[in-house]
Amino acid sequence: MLILTCPYCSVAADETELSAGGEAHVKRETVGADDAAFEQYLFQRENPKGIHFERWRHAAGCGKWFHAARCTNTLEVFGTYSAQTLEPPKNITDAISAARPGWTWRNFS
Amino acid sequence: MKKYSAFAIAKEALTYHKGWGRAWAKPAPKSHYDVIIVGAGGHGLATAYYLGRNFGITNVAIIEKGWLGGGNTGRNTTIIRSNYLQDPSAAIYEKARSLYETLSQDLNYNIMFSPRGVIMLAQTHHEVRGYKRTAHANALQGVTTEWIEPKRVKELVPIINLHGPRYPVLGGLWQARGGTARHDAVAWGYARACSDMGMDIIQQTEVTAVKRSGGKVTGVSTTQGDISCNKLGVVVAGHSGVLADMAGFRLPIESVPLQALVSEPIKPCMDVVVMANTVHGYMSQSDKGEMVIGGGTDSHNAYTQRGSFHHVEETVRALCETFPMISRLKMLRQWGGIVDVTGDRSPILSKTPVEGMFINCGWGTGGFKAIPGSGWGMAELIAKGHSPLTDQFGLDRFREGRFIDESVAAGVAH
Ligand SMILES: Cc1cc2nc3c(=O)[nH]c(=O)nc-3n(C[C@H](O)[C@H](O)[C@H](O)COP(=O)(O)OP(=O)(O)OC[C@H]3O[C@@H](n4cnc5c(N)ncnc54)[C@H](O)[C@@H]3O)c2cc1C
Ligand SMILES: [Zn+2]
């Protein structure tokens, strides 16, 4: 079972205690954006086989949203971090680089 | 290719069945093909087959990283039905279902199509209304389905508990000509027919890059070297995002594990397929007597072909409520496949931003039933650039907001 540590309440939560919120760091489009931008925002996904960044919610715990960095191929977890950020913090990207030198995801590396 | 028949079995018996030969060839790749299909699952093989049969295009390679039929085609629970809500879905799924009726004869290969009937149980008032609506839509589409009352459900499925602890059975949507088929045989039958037409099925060979020049596809790189082509068809289910990434575009698809399990074999006790979408499980009995069980997908992306344990628990709990007699059965095997899910729960059969490259994906949890129809439409799309079966299923529908919404009709994976 997937276990993620909630960065807010520090509980190591089983996946049954969490709810998945899909791809992270998606730019939210609004009034004035063209159809292509809306398509990117609403539908197009990285869906990578490898390193991935996701949103999760500690639904049956403190209720807070947070971010997680995982590998979709091996199910390794590289860490969780605050929801209030536009990009993963350095300790997370360092942890990924240690395990997967040369990784990239969108414009993160 | 040797024709399979009762006469041939008798004749081969005289030589101790040593004269059958291989069902399909094991060729080395050529340097160029008119069409390359990536992925030797049911959809890729059917696409190749109808390219040859309907359009005379036989200089075709089907490239497979594992073994043919080893993806979702060999991992599904084999339910075949065509009782969808939207017109474009009804057209392609009913085309597939009707081709299944005679596929064994067409391929000279017994795919064991068993139109035993499929019931989708209604266990909430919302579902009752939804399925009655589907039955009406199906009547207009020329798909034969009917709404049935609980008494008829019990006659068709004596082992069912109509008065479940959580949700009573309020009726069901019944498709008498839905059913099951042997999934491996569908892949094997198409593969044998493709090989017989002179096509090359190249297994244990992974496509690692899509080669382009001036926005047009020119070929692929593989673990056996580069191969050029005029047209490329990508039919890789859960790995569609990976292939799209090789060609420089993204897809409206998420890949998630979906699991199934089978019990020890028992005496025949249920001769229809039953799906219970509210409690989240479905079941049929295989010809060997195993109860074949499926349930829900994982909530998050993964490529592990395993899936999370709590989904198995949820599915089994639902089915023990619905069929109390199975509570003592031992489960023999459990497995997962990576399904490619779109936002509107409908597939994508489409041109791509790369000229000459086509994609067939997004069948998600329910594409086994569609294999013949999908191959038929996809072959026409590749050969002619459009097809009445696939025109509505283009990638552009997401940008244009023209969804083919089946997420209500198909609440559970199947
Ligand atoms: C547990 C489970 C139960 C299901 N139950 C049902 C059901 O009851 N009814 C129903 O209609 N549908 C069901 N489905 C869905 C159905 O199985 C799929 O929609 C369908 O089989 C997809 O077929 P395909 O040919 O597109 O994909 P696949 O059979 O997965 O074939 C794709 C092939 O592409 C190959 N490939 C991938 N990447 C590469 C590469 N880089 N190079 C070369 N080859 C590559 C893979 O190895 C694979 O063999 C179920 C699925 C699962 C997992
Ligand atoms: Zn928490």
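Residues numbered from 1 in each chain as written. Chains lettered and ligands numbered in written order. Predicted model: local features only at pLDDT ≥ 70, side-chain atom pairs only at ≥ 80, totals over all residues. Heavy atoms only, no water.

In the annotation of an unreviewed UniProt entry, the entry for chain B reads Sarcosine oxidase subunit beta, and the organism field reads Nereida ignava. What UniProt states about chain B under its Subcellular location (unreviewed entry) heading is, verbatim, "Cytoplasm". Per UniProt, the comment on chain B under Sequence similarities (unreviewed entry) is "Belongs to the SoxB family." (UniProt positions renumbered as here; feature names shortened; annotations may be inferred.)

Looking at an unreviewed UniProt entry, one finds chain A named Sarcosine oxidase, delta subunit family, with Nereida ignava as its source organism.

Residue and element names in this part refer to chain B. Looking at ligand 1, there are 38 residues lining it, with Glu 64, Asn 72, Thr 73, Thr 77 and Lys 369 nearest. The backbone of Thr 78 places a nitrogen or oxygen atom 3.3 Å from an oxygen atom of ligand 1. Between ligand 1 and the protein, one listed contact pairs an oxygen atom with a backbone N or O atom of Phe 368 at 2.9 Å. Protein chains shield 97% of the accessible area of ligand 1, which is 1000 Å² for the free molecule. (Near = heavy atom within 4 Å. Polar contact = N/O pair within 3.5 Å; in protein donor to acceptor, adjacent residues only side chain to side chain. Areas by Shrake-Rupley, 256 points an atom, 1.4 Å probe, with all protein chains shown as cover.)

Residues and elements named next belong to chain B. With the rule as written, the count across this model stands at 18 aromatic pairs over all chains. When the ring of Tyr 4 is compared with that of Trp 20, the centres are 5.7 Å apart and the planes differ by 80°; the resulting orientation is edge-to-face. Of this pair, Tyr 4 sits in the segment before helix H1 (6-13) while Trp 20 is found in the loop between H1 and strand S1 (32-38), placing the two residues 16 residues apart along the sequence. In this structure Tyr 4 comes out as partly exposed when scored by relative accessible area, which is 32%. Residue classification places Trp 20 among the partly exposed residues on the basis of a relative accessible area of 23%. Measuring from ring centre to ring centre gives 5.8 Å for Tyr 93 and Trp 363, while their planes differ by 90°; the resulting arrangement is edge-to-face. (Phe/Tyr/Trp six-rings, centres within 6.5 Å; stacked < 30°, edge-to-face > 60°. Helix = DSSP H or I, 4+ residues; strand = E, 2+ residues; numbered from the N terminus. Buried < 20%, exposed > 50% of the residue type's maximum accessible area, 1.4 Å probe, protein only.)

Now for the sheet that holds strand S6 (residues 77-82) of chain A. Residue and element names in this part refer to chain A. The strand order across the open sheet formed by four strands is S3-S4-S5-S6, and the pairing between neighbours is antiparallel. Two strands bound the open sheet, and with one partner strand each, they are strand S3 (19-23) and S6. In this sheet, neighbouring strand axes are inclined to one another by 30° on average, regardless of whether the strands run parallel or antiparallel. Contacts between helix H2 (residues 90-99) and the sheet are confined to strand S4 (51-57), strand S5 (65-71) and S6, with S6 contributing the most and set at about 170° to the helix. (Pairing = 2+ DSSP bridges. Axes fitted to C-alpha atoms, helices over the stretch in contact; angles between N-to-C directions. Contact = heavy atoms within 4.5 Å.)

This brings us to the coordination of the zinc ion (ligand 2). Residues and elements named next belong to chain A. Each protein donor to the zinc ion (ligand 2) is listed here as Cys 6 (SG), Cys 9 (SG), His 58 (ND1) and Cys 62 (SG); together their distances run 2.0 to 2.3 Å. Around the zinc ion (ligand 2), the four donor atoms sit at angles spanning 100 to 116°, and that spread fits a shape best called tetrahedral. For the zinc ion (ligand 2), the single-chain donor residues occur in sequence as C-x2-C-x48-H-x3-C. In this pair, Cys 9 is assigned in the loop between strand S1 (3-5) and strand S2 (12-14) and His 58 in the loop between S4 and S5, connecting sequence segments 49 residues apart. Assessed through its relative accessible area of 0%, His 58 is described here as buried. (Donors = N, O, S within 2.8 Å, 3.2 Å for Na, K, Ca; no water. Tetrahedral: all angles 85-135°; square planar, octahedral: opposite > 155°, others 65-115°.)

Okay, unusual backbone geometry next. The phi dihedral of A:Ser10 falls on the positive side, at around 65°, and the residue is not glycine. Take A:Ser10: it is sitting in the loop between S1 and S2. We classify A:Ser10 as exposed; its relative accessible area is 55%. Its identity as a non-glycine residue notwithstanding, B:His17 has a phi of 55°, on the positive side. You can see B:His17 is positioned in the loop between H1 and S1.

This next bit is on the nonpolar core. Residue and element names in this part refer to chain B. Grouped together as the largest cluster of nonpolar side chains are 48 residues, with contacts concentrated most on Ile 37, Leu 45, Ile 62, Tyr 100 and Tyr 190. Counting only elements with at least two residues in this core, the list comes to S1, helix H2 (42-55), strand S2 (60-63), helix H3 (87-101), helix H4 (103-107), helix H7 (183-196) and helix H10 (371-384). The element that contributes the greatest number of residues to this core is H7, accounting for seven residues. Setting aside chain neighbours within four positions, we find Leu 45 in contact with Gly 39, Ala 40, Ile 62, Leu 68, Ala 187, Tyr 190, Ala 191, Cys 194 and Ile 201. Ala 244, Met 246, Ala 247 and Leu 395 belong to the second largest nonpolar core, which has 30 residues in total. (Core = buried A, V, L, I, M, F, W, Y, C linked by side-chain atoms within 4.5 Å.)

What follows concerns the sheet that holds strand S4 (residues 118-122) of chain B. Residue and element names in this part refer to chain B. In space, the eight strands of this open sheet follow the order S5-S6-S4-S13-S14-S15-S12-S16, with mixed pairing throughout. If you trace the sheet from one side to the other, it starts and ends with strand S5 (146-148) and strand S16 (331-342), each paired once. Taking each pair of neighbouring strands and ignoring which way they run, the sheet shows an average axis angle of 20°. The pairing of strand S13 (residues 273-276) with strand S14 (residues 281-285) spans three bridges and is antiparallel. When the sheet's bridge partners are listed, Ala 276 is paired in S14 with Gly 281. Here helix H5 (residues 125-141) sits on the sheet and contacts S4, S5 and strand S6 (171-175); the angle it forms with S4, its principal contact strand, is near 140°.

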